[in-house]
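Reading the structure
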Amino acid sequence: MSNFDKTENLPIYQKAELIFQLVESLMASLPEDDDYIQVTKDLMRANAIAIPAKIAGAEGGDLYSIRMQNAAIIRDHAMQVYVQVGSLRFYESYKDLEYVTLIRKELDEFQLLFIDWVNGFDTNNHIWDEWGLFNPPGAIPPTEIDGFEEDDFDIDDFFDEED
């Protein structure tokens with residue numbers, strides 16, 4: 001089974017795909033003649049499609065820091081979809097509020113899957129994040145001895161000077 005097949009079988013990925021499909025259905029029910037709705041539709045689509053893409057990216061990059069970076073982006077996109085869908089309740093001509101309730105319910109379920117998924121990340125498989133944002137709890141920064149400086153490498157050390 002390929003890595004992508006494994007990713008597609010993850011409950012969090014399947015839920016993300018469902019949310020995207022629901023957002024697409026919601027957008028089809030929205031009016032075309034309103035600039036506010038058009039901008040909201042574009043934002044919802046961009047945010048909803050980014051979620052499964054970032055899950056696949058996190059699964060493909062097995063390092064803790066990469067997975068956590070993707071998780072932070074996923075969280076942001078999911079929260080934006082939640083707000084954007086909810087904002088439709090305030091649009092006077094939009095009356096099909098069942099979509100709003102359904103998508104928000106699916107996002108609430110997604111959040112629970114997300115928490116479990118992130119808690120399953122391997123904290124031992126990481127490289128040090130110099131920005132300090134995506135280091136696992138308890139990670140110790142590398143020392144100067146652990147580091148490599150370009151000045152430490154001399155190509156001439158690898159060639160014999162014998163004639």
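The structure this text deals with has already been given above.
Residues numbered from 1 in each chain as written. Predicted model: local features only at pLDDT ≥ 70, side-chain atom pairs only at ≥ 80, totals over all residues. Heavy atoms only, no water.

Further remarks concern the side chain of Lys-41. By secondary structure assignment, the location of Lys-41 is in helix 3 (residues 35-60). Given the relative accessible area of 7%, Lys-41 is considered buried. For Lys-41, the residues in contact, after removing those within four places along its chain, are Met-27, Leu-30, Pro-31 and Glu-32. (Helix = DSSP H or I, 4+ residues; strand = E, 2+ residues; numbered from the N terminus. Buried < 20%, exposed > 50% of the residue type's maximum accessible area, 1.4 Å probe, protein only. Contact = heavy atoms within 4.5 Å.)

Moving on to the pattern of salt bridges. The tally for this structure, following the rule as stated, stands at eight salt bridges. Of the charged contacts in the structure, one is a salt bridge between Glu-106 and Lys-105, with a shortest N-O distance of 3.5 Å. Classification of Glu-106 as buried rests on a relative accessible area of 8%. Given a relative accessible area of 42%, Lys-105 falls into the partly exposed group. (Salt bridge = Lys/Arg side-chain N within 4 Å of Asp/Glu carboxyl O.)

Look at helix 5 (residues 98-119): 32 Å from first C-alpha to last across 22 residues, which is about the 32 Å you get at 1.5 Å a residue. In this structure, the buried residues of helix 5 make contact with helix 2 (11-28), helix 3 and helix 4 (64-87). (Expected span 1.5 Å × (residues − 1).)

Here the structure, examined in full by the defined rule, presents four aromatic pairs. Seen from their ring centres, Trp-117 and Phe-121 are 4.9 Å apart, and the 80 degrees between their planes marks the pair as edge-to-face. Given the relative accessible area of 11%, Trp-117 is considered buried. For Phe-121, a relative accessible area of 5% gives the class buried. Put simply, the rings of Phe-110, Phe-114, Trp-117 and Phe-121 touch in pairs and so form one group of aromatic residues. (Phe/Tyr/Trp six-rings, centres within 6.5 Å; stacked < 30°, edge-to-face > 60°.)

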